[in-house]
Amino acid sequence: MNLGYACINMTLSDGIPKTKRVMTNRSMIRRTFDKMGTNYASELALLNCIDLFNILKWNKENNFSFYRLSSEIFPWSSEYKIHNLKDYDHIEMTLDAIGKFANAEGMRLTCHPGPFNKLCSHKENVVLNTIKDLETHANIFDIIGLPKTPFSKINIHVGATYGNKQKAADAFCRNFERLSDSVKARLTVENDDKASLYSTKDLYELIYKRIGIPIVHDFHHHLFCDGGLNQEEALGLAVSTWGDVKPVVHYSQSKSIEYNNPKIKPQAHSDFYWEPVNTYGHNVDVMCEAKAKEKAVIGLREMIFNKMEAK
DNA sequence: ATAGGTCAAGCGAGG
DNA sequence: CCTCGCTTGACCTAT
């Protein structure tokens, strides 16, 4: 079982001034983009790519082989073609080196495009923006040279019902056919954290049965939208959708419980972990979504290790 | 170097 | 009608 973390490495930036932090999500607000243009986006993207390599090297040294790439490596990527960027040669060289390194080390790299991706929308413009964003993620994965399988998953939520779950799920499946093979081969769906949305069971019935893409089971979300199944049943159902590829699950705990503060929404992710993950005997990779990132995962690792030692 | 206000996109829940 | 939470807190301006 590999434990992974998402996008940000806190250790590498410990005690380092803001301007020199190791980060892969340098961006800018609209006003700055209008003023500075695509060339500045290119410079930020290159810095982000170089730091991505730095994080992966840190991951190797610290025995992390599972990591989620930020979706903001290329700022304002909807406004230009990546291969037209002025620093593209350098960017491509960096991403290619990253891919060779990651593949040689057996690292698993994934991504999780944002909540604005609504493949089920009835608004054509929203769907077009979603398709564009998904294609951009796949394009980056292709440049890096990552497998065109859910091993390098591009994971999204269905995320909306518009008052009719069945109808929205139908739209999701129809629009799935408009995606390139590069996206289709990697796309996965994750259960939502609201009762009105999609449980793991809903995804199995409404999405997997129809288009066959794997389901990422999020243990924390399941607490708020269980579809009538317990954790073990839902996990088993999700695991059954992955074929030959090792399934991914998401694990986080509630910040509201962590700080004993009822004002914090129970859905919010905790900073750290206090309970080890239970995978019910399944061989899965666990993406850890705690806010303290790799620091939380190191704690979780120790917890799991101590539990094994005690046996 | 830091504090405080500001910031693309979609949706649903809660005040 | 506004804010939060999710994706991922970071940018920008003034001090």
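In case you missed it, the structure is sitting above this.
Values in this document were obtained by computation on a predicted structure and should not be read as measured data.

K.L.:
Go over the pairing of strand β3 (residues 108-111) with me, naming the residues and quoting the values.
P.N.:
Where burial is concerned, the two faces of β3 agree: the one with Arg108 and Thr110 and the one with Leu109 and Cys111 are both buried. The sheet contact formed by strand β2 (residues 66-69) and β3 spans four bridges and is parallel. Residue pairing in the sheet places Phe66 in a bridge with Arg108 of β3. In terms of handedness, the path from β2 via helix α2 (residues 88-104) over to β3 forms a crossover that is right-handed.

K.L.:
Can you tell me about the nonpolar core, naming the residues and giving the values?
P.N.:
Counting 85 residues, the largest nonpolar core has Phe74, Phe172, Leu187 and Ile207 as the members making the most contacts within it. When sequence neighbours within four positions are dropped, the list of residues in contact with Ile207 reads Val158, Ala169, Phe172, Cys173, Val189, Asp202, Gly212 and Ile213. Ala6, Cys7, Trp242 and Val245 belong to the second-largest nonpolar core, a separate cluster that totals eight residues.

K.L.:
Describe the protein's contact with DNA strand B, listing the residues and the values that go with them.
P.N.:
With respect to spatial proximity, 17 residues lie near DNA strand B, and among them Arg30, Phe116, Lys123, Tyr162 and Ser196 are the closest. The sugar-phosphate share of atoms of DNA strand B within 4 Å of the protein amounts to 48%. Measuring from a phosphate oxygen of DNA strand B, one finds a backbone N or O atom of Arg30 at 2.8 Å. The separation between a phosphate oxygen of DNA strand B and a polar side-chain atom of Tyr162 is 2.6 Å. Taken together, the residues of the surface near DNA strand B sort by class into eight nonpolar, four polar and five charged.

K.L.:
Account for the protein's contact with DNA strand C, naming residues and giving values.
P.N.:
Neighbouring DNA strand C are 29 residues; Thr32, Arg68, Glu72, Pro115 and Lys291 lie closest to it. Per the 4 Å cut-off to the protein, sugar and phosphate atoms form 70% of the nearby atoms of DNA strand C. Contact between DNA strand C and Lys291: a phosphate oxygen at 2.7 Å from a side-chain N or O atom of the residue. Per-class residue counts for the surface near DNA strand C are eight nonpolar, eleven polar and ten charged.

K.L.:
Tell me what's going on with helix α1 (residues 30-61), and back it up with residues and numbers.
P.N.:
With 32 residues, α1 should cover 46 Å at 1.5 Å per step; its first-to-last C-alpha distance of 37 Å lies more than 12% under that length. Phi turns positive one or two residues past the end of α1, at Asn63, with a value near 60°.

K.L.:
Give a detailed account of the pairing of β2, specifying residues and quantitative values.
P.N.:
Of the two faces of β2, the one carrying Phe66 and Arg68 and the one carrying Tyr67 and Leu69 are both buried. Across two bridges, the pairing between strand β1 (residues 3-6) and β2 is parallel. When the bridges of β2 are listed, Tyr5 appears paired with Tyr67.

K.L.:
A description of α2 should follow, citing residues and the corresponding values.
P.N.:
In this model α2 runs 24 Å from its N-terminal to its C-terminal C-alpha over 17 residues, within 8% of the 24 Å that 1.5 Å per residue would give. Turning to α2, its buried residues number three or more, namely Tyr88, Ile91, Thr94, Leu95, Ile98, Gly99, Phe101 and Ala102. Along its buried surface, α2 packs onto α1, β3 and α3 (124-144). Gly106 sits one or two residues past α2 and shows a positive phi near 70°.

K.L.:
Explain the pattern of salt bridges to me, using residue names and the numbers behind them.
P.N.:
Within this structure, the stated rule accounts for 18 salt bridges. Asp14 serves as the salt-bridge partner of Lys295, at 3.0 Å between the closest nitrogen and oxygen. One end of the pair, Lys295, is in helix α10 (residues 293-310); the other, Asp14, is in the loop between β1 and α1, with 281 residues separating them in the sequence. Residue classification places Lys295 among the partly exposed residues on the basis of a relative accessible area of 30%. Among the salt bridges present, the one from Arg210 reaches Asp170, with a minimum N-O distance of 2.7 Å. Pair noted here: Arg210 is in helix α6 (residues 200-211) and Asp170 is in helix α4 (residues 165-176), with a separation of 40 residues, a long-range link. Owing to a relative accessible area of 22%, Asp170 belongs among the partly exposed residues under this scheme. Through salt bridges that share partners, Glu43, Lys86 and Asp87 make up one connected network.

K.L.:
Describe the environment of Leu128, and please don't skip the residues or the numbers.
P.N.:
Tracing the sequence through the fold places Leu128 in helix α3. Accessibility expressed as a relative area gives 41% for Leu128, which makes it partly exposed. Sequence spacing of Leu128 and Tyr280 is 152 residues, and the spatial spacing of their C-alpha atoms is 39 Å.

K.L.:
Help me get a handle on the packing of aromatic side chains, residues and values and all.
P.N.:
Per the stated rule, a full pass over the model turns up eight aromatic pairs. A ring pair is formed by Phe219 and Tyr251, whose centres lie 6.3 Å apart and whose planes are at 85°; its orientation type is edge-to-face. Placement of Phe219 in helix α7 (residues 219-222) and of Tyr251 in strand β7 (residues 248-251) is noted, with a sequence separation of 32 residues between them. The class of Phe219 is buried, set by a relative accessible area of 7%. Chaining the aromatic ring pairs together yields one cluster made of Tyr5, Trp58, Phe64 and Tyr67. Between Lys57 and the ring centre of Phe53, over which it is positioned, the NZ or CZ distance is 4.1 Å.

Criteria and thresholds
Residue indices begin from 1 for each chain and proceed along its sequence in written order. Chain labels run from A onward and ligand labels from 1 onward, assigned in the order the entries are written. Predicted model: local features are reported for residues with pLDDT of at least 70 only, side-chain atom pairs are reported and counted for 80 or more only, and whole-chain, interface and lining totals are derived from all residues. To get the side-chain values, all heavy atoms of the structure are used, and hydrogens and water are removed first. Throughout this description, buried means an accessible area under 20% of the type-specific maximum (1.4 Å probe, protein chains only), exposed means over 50%, and partly exposed covers the range between. For helices the rule is a DSSP run of H or I covering at least 4 residues; for strands it is a run of E covering at least 2, with both sets numbered from the N terminus onward. A strand pair is defined by DSSP finding two or more bridges across the two strands. Looking down the strands as they point away from you, a crossover is right-handed if its path from the first strand over the helix to the second goes clockwise. Here, nonpolar core means buried Ala, Val, Leu, Ile, Met, Phe, Trp, Tyr and Cys residues that are tied together by side-chain atoms lying within 4.5 Å of each other. It only takes one pair of heavy atoms within 4.5 Å for two residues to be counted as in contact. When at least one non-hydrogen atom of a residue lies within 4 Å of a molecule or strand, that residue is treated as near it. Polar contact criterion, stated in full: a pair of N or O atoms within 3.5 Å, where within protein one must be able to donate a hydrogen and the other to accept it, and residues adjacent in sequence count only if both atoms are side-chain atoms. In this classification, the charged set is Asp, Glu, Lys and Arg, the nonpolar set is Ala, Val, Leu, Ile, Met, Phe, Trp, Tyr, Cys and Pro, and all remaining amino acids, among them Gly, are polar. What a helix is expected to span follows from its residue count: subtract one and scale by 1.5 Å. Basic side-chain nitrogens of Lys or Arg form a salt bridge, by our definition, when they fall within 4 Å of a carboxyl oxygen of Asp or Glu. Only centres within 6.5 Å qualify two rings of Phe, Tyr or Trp (six-membered ring in Trp) as a pair; their planes then separate them into stacked at under 30 degrees, edge-to-face at over 60, and tilted for everything else. A ring has a charge above it when a Lys NZ or an Arg CZ is no more than 6 Å from the ring centre and no more than 35 degrees off the ring normal.

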